[in-house]
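# Reading the structure
Here are the chains, one letter per residue:
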Amino acid sequence: AEADRRRGAAAQREAAYAADRGYVMGVMAARRGDVAGAAQAFANVLNRDPANYLAAYNLACIAAHHGVRDKALVLLQLAVQGGFPHADHAAADPDLASLRGAPEFRTLLSQMSQQR
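Right, let's get into the packing of aromatic side chains. Under the definition given, this model contains four aromatic pairs. With a centroid separation of 5.2 Å and an interplanar angle of 90 degrees, the aromatic rings of Tyr17 and Tyr53 are classed as edge-to-face. Taken together, the residues Tyr17 in helix 1 (residues 2-19) and Tyr53 in helix 4 (residues 53-65) connect sequence positions 36 residues apart. Judged on exposure class, the residue Tyr17 and its partner Tyr53 are both buried. With a centroid separation of 4.4 Å and an interplanar angle of 10 degrees, the aromatic rings of Tyr57 and Phe84 are classed as stacked. Pair noted here: Tyr57 is in helix 4 and Phe84 is in the loop between helix 5 (69-82) and helix 6 (87-92), with a separation of 27 residues, a long-range link. Look at Tyr57 and you get buried, because its relative accessible area is 4%.

What counts and what doesn't
Positions within a chain are numbered from 1, following the residues in the order the chain's sequence is written. Residue-level local features of this predicted model are given only where pLDDT is at least 70; pairs of side-chain atoms are given and counted only at 80 or more, and the full residue set underlies all totals for whole chains, interfaces and linings. Side-chain measures were taken over the full set of non-hydrogen atoms in the model, leaving aside hydrogen atoms and water. Pairs were defined over the aromatic rings of Phe, Tyr and Trp, the Trp ring being its six-membered one, requiring ring centres within 6.5 Å. Orientation was assigned from the angle between planes: stacked under 30 degrees, edge-to-face over 60, tilted for the rest. Numbering of helices and strands runs from the N terminus, with a helix taken as a DSSP run of H or I at least four residues long and a strand as a DSSP run of E at least two residues long. Under the scheme applied here, a residue whose accessible area is under 20% of the maximum for its type counts as buried, over 50% as exposed, and between as partly exposed, the area being computed with a 1.4 Å probe on protein chains only.

Shown next, in the form of structure tokens:
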């Protein structure tokens, strides 16, 4: 019962993060190919709500995709600290391919798995 309550609360929190207007603007910018606009929108969300792990995760994806490894790892750590639970998604995400060999990435995946 407690595990179900926690999963329900986590799902509600994630839905609220995903519904954030700034987050939606970032997703739309990314879909248009406007990487700079997406990064700015996600950064604005994080400045306003540092717990928004979806914004942190997406910024990490942008950084990793562009070879900014250290920044990507810091942003992924922020996402994990916020409660990002999607280890399977992160492990397969092509935007994070540049991080796959890093021991820090494996540690973060393990921490994500424990969020469930």
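Let us keep going from here.
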